[in-house]
Amino acid sequence: MNGLSLQNRYHAVNDNTAALWAENAGIGKIREENYYDPTRLALATGIRPSVTSGISRLIEQLSQLTKGDRLADTLPACGLHFTFLPLTLPLYHADEPLPAKVDQLMAIWREFAAEKIVITHLRLVALPDQLLLAGIPAHPALALREQFCANVLGSQWKNELLMRHAGRALPAPFWHSTLLRYGAAFLPDYVRAFFFRHQAVTFGNVAGELTLVKTNYNWTECYPLKPV
């Protein structure tokens, strides 16, 4: 998926979400389970860029807006990340040793570690129950991710990768950080209004070196793994 088709995809998702919101005035059914296991950690790859002033203001505004709403899980600025390729479901405790086959994964990762990734034209993308900060990857990020994904699928980590994506597109098309997860079927009116006010705003670019980590769902508890 190139930059233009990805921009079109983001616009289409926003339009579809707005249509769903128009048909559903309330928040709908409250979730009975977490989006992800709140205590276990997963293996993932991505970047942890510096938080620009514009993104910092966005996160602070969203945090203040949702303060006191127990259903709102807003990303702290310290957790800002853009996933390159998530590798596993949350399977591990922080102090739990990884399986021996991690050596194969580290050997694959050696080719990609510390590659610089740039993501441009950041904007808000709305899902029915989430707000994303999403952008367009600069060359050669798309090719790198396709190659890394293919290499993992050809390894002993294939099953973990397929389970993590659960039948969805692999790799996933979006390049994003999830700013808000809401514990119901739909975002409340006050968050929808925030999205519509900021829908046309662009938040610049971010850049960072690729890293392989053992992390919780929002990257606020994060343990880098380095190839030997």
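What comes next is a walk through the structure. (Residues numbered from 1 in each chain as written. Predicted model: local features only at pLDDT ≥ 70, side-chain atom pairs only at ≥ 80, totals over all residues. Heavy atoms only, no water.)

### Section: helix 3 (residues 102-109)
- All of the buried residues in helix 3 are Val102, Leu105, Met106, Ile108 and Trp109. Down the axis, helix 3 shows its buried residues gathered within 160° of arc, on one side only.
- Packing partners of the buried residues in helix 3 comprise strand 1 (42-47), strand 3 (82-86), helix 4 (141-153), strand 8 (211-215) and strand 9 (222-225). (Buried < 20%, exposed > 50% of the residue type's maximum accessible area, 1.4 Å probe, protein only. Helix = DSSP H or I, 4+ residues; strand = E, 2+ residues; numbered from the N terminus. Arc of directions from axis to C-beta. Contact = heavy atoms within 4.5 Å.)

### Focus on the packing of aromatic side chains
- Taken as a whole and assessed by the stated rule, the structure comprises 9 aromatic pairs.
- One aromatic cluster is present, built from ring pairs that chain together Phe84, Trp109, Phe112, Phe148 and Trp175.
- Its end group placed over the ring of Trp157, Lys101 keeps NZ or CZ at 4.9 Å from the ring centre. (Phe/Tyr/Trp six-rings, centres within 6.5 Å; stacked < 30°, edge-to-face > 60°. Lys NZ or Arg CZ within 6 Å of the ring centre and 35° of its normal.)

### Describing the pairing of strand 6 (residues 176-182)
- Counting buried residues in strand 6 gives 6 out of 7 residues, a clear majority hidden from the surface.
- Summarising the sheet, strand 2 (residues 72-74) and strand 6 pair through 3 bridges and their orientation is antiparallel. Within strand 6, the position partnered with Ala72 by the bridge is Tyr182.
- In the sheet, strand 5 (residues 130-137) pairs with strand 6 via 5 bridges, with the strands oriented antiparallel. Bridging across to strand 6, Leu132 finds its partner in Thr178. (Pairing = 2+ DSSP bridges.)

### Topic: the pairing of strand 3
- In terms of burial, strand 3 is largely enclosed, as 5 of its 5 residues are buried.
- Sheet analysis places strand 1 next to strand 3, joined by 4 bridges and oriented antiparallel. Counterpart to Ala44 in the pairing with strand 3 is Pro86.

### Regarding the nonpolar core
- Counting 59 residues, the largest nonpolar core has Phe84, Leu87, Ile117, Leu131 and Phe148 as the members making the most contacts within it.
- Looking at this core element by element, the count peaks at 6 residues for strand 4 (residues 116-127).
- Beyond its immediate stretch of four places on either side in the chain, Leu87 contacts Leu43, Ala44, Thr45, Leu105, Phe148, Val152, Glu160, Leu161, Arg164 and Leu212. (Core = buried A, V, L, I, M, F, W, Y, C linked by side-chain atoms within 4.5 Å.)

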